2 protein chains.
Amino acid sequence: MKTDLDSLMQAHNFDALLAFGPGDHNPAMMYLTGGGHFTGELLKKRGAPPVLFCRTMERDEAAKTGLATRLIDDYKPMELLKQFNGDSLKASTARFQQMFADCGVTAGRVVVYGKVEIGGTFALLNALQAAMPGLTFVGETGNTLLMEAQMTKDENEIARIRKMGQITTAVVAQTADFVAGHKTRNEVVIKPDGTPLTIGDVKSRINLWLAERGAENPEGTIFAIGRDSAVPHSSGNPADVLKLGQTIVYDIFPCEQGGGYYYDFTRTWCLGYAPDAALKQYEQVRSVFDTIMSELKSGVVFKRYQERVCDLYEAMGHVTTRQDPGAQEGYIHSLGHGVGLNIHERPASGVTASDADVLAPGAVFTIEPGLYYPDQGIGVRLEDTVWMRPDGVAEVFAPYPLDLVLPMGK
Amino acid sequence: MKTDLDSLMQAHNFDALLAFGPGDHNPAMMYLTGGGHFTGELLKKRGAPPVLFCRTMERDEAAKTGLATRLIDDYKPMELLKQFNGDSLKASTARFQQMFADCGVTAGRVVVYGKVEIGGTFALLNALQAAMPGLTFVGETGNTLLMEAQMTKDENEIARIRKMGQITTAVVAQTADFVAGHKTRNEVVIKPDGTPLTIGDVKSRINLWLAERGAENPEGTIFAIGRDSAVPHSSGNPADVLKLGQTIVYDIFPCEQGGGYYYDFTRTWCLGYAPDAALKQYEQVRSVFDTIMSELKSGVVFKRYQERVCDLYEAMGHVTTRQDPGAQEGYIHSLGHGVGLNIHERPASGVTASDADVLAPGAVFTIEPGLYYPDQGIGVRLEDTVWMRPDGVAEVFAPYPLDLVLPMGK
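This write-up is about the structure you can find in this document. Because the structure is predicted, anything quoted here is derived from the model rather than measured. (Residues numbered from 1 in each chain as written. Chains lettered and ligands numbered in written order. Predicted model: local features only at pLDDT ≥ 70, side-chain atom pairs only at ≥ 80, totals over all residues. Heavy atoms only, no water.)

Here we come to the interface of chain A and chain B. Each partner contributes to the interface: chain A provides 57 residues, whereas chain B provides 57 residues. Taking both partners together, chain A and chain B bury about 4800 Å²; carbon and sulfur atoms supply 60% of that area. On the chain A side of the interface with chain B, the three residues burying the most area are M57, I118 and F122 of chain A, jointly 15% of the side's total. Counting across the interface, chain A meets chain B through two salt bridges. (Contact = heavy atoms within 4.5 Å. Buried area = accessible area lost by both parts, 1.4 Å probe. Salt bridge = Lys/Arg side-chain N within 4 Å of Asp/Glu carboxyl O.)

If you want it as structure tokens, here you go:
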């Protein structure tokens, strides 16, 4: 949790933390500041509160974070630019040297964060490294300090994710009502004007209903039918028409406006009726989903459940990526992932996940054991986002029916 | 333009180009691929077509770009991970070495692009640099090769920006009708339920109307009243109520769904009536705006117009940042900026802008000469997005009335 930041910096042997970029759509900066409409840098010495450096015209937005703020203009960037004959990299380097001195960061390891255009920041970090040899600038790979802090959520974060869950399932219900309210002709869903309802039509409604509720979907929405439903990250072809009896994978993962906390949710629908093959595949996924949900326990390593799912599917005769890492049909992705300011964060459940990725109290994660058969045109995935409560109960934030068949013409 | 990429790489002395990150909300990758729902890497040797490396589960999305694609799984990342005892950085480095070899990139300068979380990519680039000493990995600062290519737009890009302009002004008209349709009480705009209409209420409508038209506003929207209208990048306090006779700066800069092409547009409104001080400030801004619009000529260096605006405002007695770079009232930002896949791109108009930032045929840029007096609670900005056409005419994509007073109770 956020309150562990100093102790985590100590454990990871970092003396300071430097974050770049905007206060929105930038998970690290959002986490450290609470978010806002500004762009700047945040520097935190271990044991000291962070300082947010911002542009003069964004000072009011930056002040809303409640953090200590400093104006970049106080470092006289225009004078520095003149001093270095218009060399903006040298001018920025000089400014950062002064900022580090002002924050008392003079030696040790500095970990860097922020979602930014790589070019300029890569150049800047190389220049800072050369200019301040007493510091070591470190980019973390794999499980970063911040991802470790974010792996468990505090009450405020839980409330924000719960609200996103309620918004998400409300939009899913609206989508079901919208689709089911149409007529059909020759197994195709038809709009009042007589033309077929397309995936593009449905997606634009989804976007609208999300916006109406103060959410956005920067990563898009998956609404994919037939063969596309069996390619886990095909988002669906906007021109495809909605036909009865085909599997539709509807995976919706919106976040708060401005790129805040996410929710992640999937249902699989067959409109009107389900052919035997789709029903059988659904029943197998449903059985695995229900089994795992009933077995979730606080403190267990997440990937133990991935192994459990592989056991279950393999016993049913499906190929899994445990048997064949390159498999393109069967059970071909991992069971779930943490959800927060990133749509994918810790704990991870894949084979390469750390043993530290446990379902600890405060963890928020998805359970999504799908099956995919592109050659048959059948994909099924069921997914809920779960909170491991402090009392050891695994709670689905926003329960919603798991039914496969969506009856038409209601 | 995009067709100039190879010649620009030659001119900038780059032998290859490497881009990271998702195909949406990532200007460099969108520009190079056309965009899509995938995450991967793009490697282009100068003179050769780019190759897009993608994950197996995103292969169909990547294929839609029409580019040559390669599966990351073909490089057997899991086997590499085993080979390097679980060290993901070493495994990635080995994969990239093979990808570079496969694309025939064995020596020279490699420019890097992409909006990504800095930590992992900084570590990877440092590791690649150590592993392939024949290559030099370069992060550009200031005016990058890609920003130079993007400074002029082709027909397809112009059509997409024009459509965003039409969407933007349609939403502005809807906003005006919505606000004006309310009753007032004691100079405050009142909702049907008797409570005051807030900026938050208006903004949630704006988000809704944008989504309805297939647009999004990842950078937010400025709808700021009173003192906030005079702080150029205050986005407005959601809890503020709408009062008559105060300046409202309404700056809206949405982009295509998925983070595509932007439009940028500002009007300043006084609801019901305008006090003399606001009207005077508006008339001065309007006069400067009209003057500059009438003087725009193809091939002129953009910052010449910034100087022209400073001349005009200083003659009226306003302070400008030319006189005092730290000024916090008067004319305190630059005249405009290019618009495309980034809300701010080239050509730039500020004092540090290059002489290469000209209003060339194909340039798309804003004109937004505001005046700001926070202590008086008055800010005025007028902004249109302009296309310098090949025939030398500066065309506003989506004309809209510039009126200050928005009559209430229509």
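What follows deals with the nonpolar core. Ranked by size, the top nonpolar core spans 100 residues in total, and within it L242, L296 and I367 of chain A carry the most contacts. Sort the elements by how many residues they give to this core and helix α8 (residues 155–180) of chain A lands first, with ten residues. Both domains that furnish three or more residues to this core are identified here as domain 1 (2–148) and domain 2 (151–406) of chain A. Here L242 of chain A is in contact with V179, E187, V188, V189, L197, T198, I199, V202, F223, I225, I248 and L271 of chain A, once residues within four sequence places are set aside. Formed by 69 residues, the second largest nonpolar core is a distinct cluster that contains M9, A62, L210 and A215 of chain B. (Core = buried A, V, L, I, M, F, W, Y, C linked by side-chain atoms within 4.5 Å. Buried < 20%, exposed > 50% of the residue type's maximum accessible area, 1.4 Å probe, protein only. Helix = DSSP H or I, 4+ residues; strand = E, 2+ residues; numbered from the N terminus. Domains from an automatic or database assignment.)

A separate point is the relation of the copies chain A and chain B. Each copy of the sequence occupies a distinct position, and chain A is placed on chain B by a rotation of 180° and an axial shift of 0.0 Å, giving an RMSD of 0.0 Å. In the structure described here, the two chain copies are related by an operation that fits a two-fold rotation axis. Both copies present the same face, since 98% of the interface residues in chain A are matched by interface residues at the equivalent positions in chain B. (Least-squares fit on C-alpha atoms with pLDDT ≥ 70 in both.)

Attention shifts here to the sheet that holds strand β12 (residues 247–252) of chain B. Residues and elements named next belong to chain B. The strand order across the open sheet built from four strands is β11-β12-β14-β22, with neighbouring strands paired in mixed fashion. The sheet is open, and its two borders are formed by β11 (221–225) and β22 (405–406), each paired with just one other strand. As paired elements, strand β14 (residues 265–271) and β22 share two bridges and run parallel to each other. Bridge assignment links L271 to a residue of β22, and that residue is L406. Docked against the sheet, helix α9 (residues 199–212) engages β11 and β12, running at close to 155° with respect to β11. (Pairing = 2+ DSSP bridges. Axes fitted to C-alpha atoms, helices over the stretch in contact; angles between N-to-C directions.)

What follows deals with unusual backbone geometry. Residue and element names in this part refer to chain A. The amide bond that connects R346 to the next residue, P347, takes the cis arrangement and shows omega of 5°. For P347, the location among the structural elements is in strand β16 (residues 345–348). In this structure, N186 takes a positive phi of about 50° despite not being glycine. On the secondary structure map, N186 appears in the loop between β8 (183–185) and β9 (188–190). A residue is classified by how much of its surface remains accessible, and N186, at 71% relative accessible area, is exposed. Of note, the phi angle at E187 is positive, near 70°, even though the residue is not glycine. Looking at the secondary structure, you find E187 in the loop between β8 and β9. Looking at E187, the relative accessible area reads 40%, which means it is partly exposed.

Turning next to empty space enclosed by the protein. What the rule picks out here adds up to one cavity of 30 Å³ or more. The computed volume of the largest cavity comes to approximately 160 Å³. Around the largest cavity sit 16 residues that line it, and E216 and Q257 of chain A together with A215, E216 and Q257 of chain B are the ones nearest its centre. Mapped onto the lining of the largest cavity, the elements with two or more residues apiece are α9 (199–212) and β10 (215–216) of chain A together with α9 and β10 (215–216) of chain B. When the residues that make up the lining of the largest cavity are grouped by side-chain class, the tally is eight nonpolar, six polar and two charged. (1 Å grid on protein atoms, 1.4 Å probe; cavity = no way out; pocket = protein on both sides within 12 Å on 5 of 7 lines; lining within 4 Å. Points joined across faces, edges and corners; volume = space filled by probe spheres on them. Nonpolar A, V, L, I, M, F, W, Y, C, P; charged D, E, K, R; others polar.)

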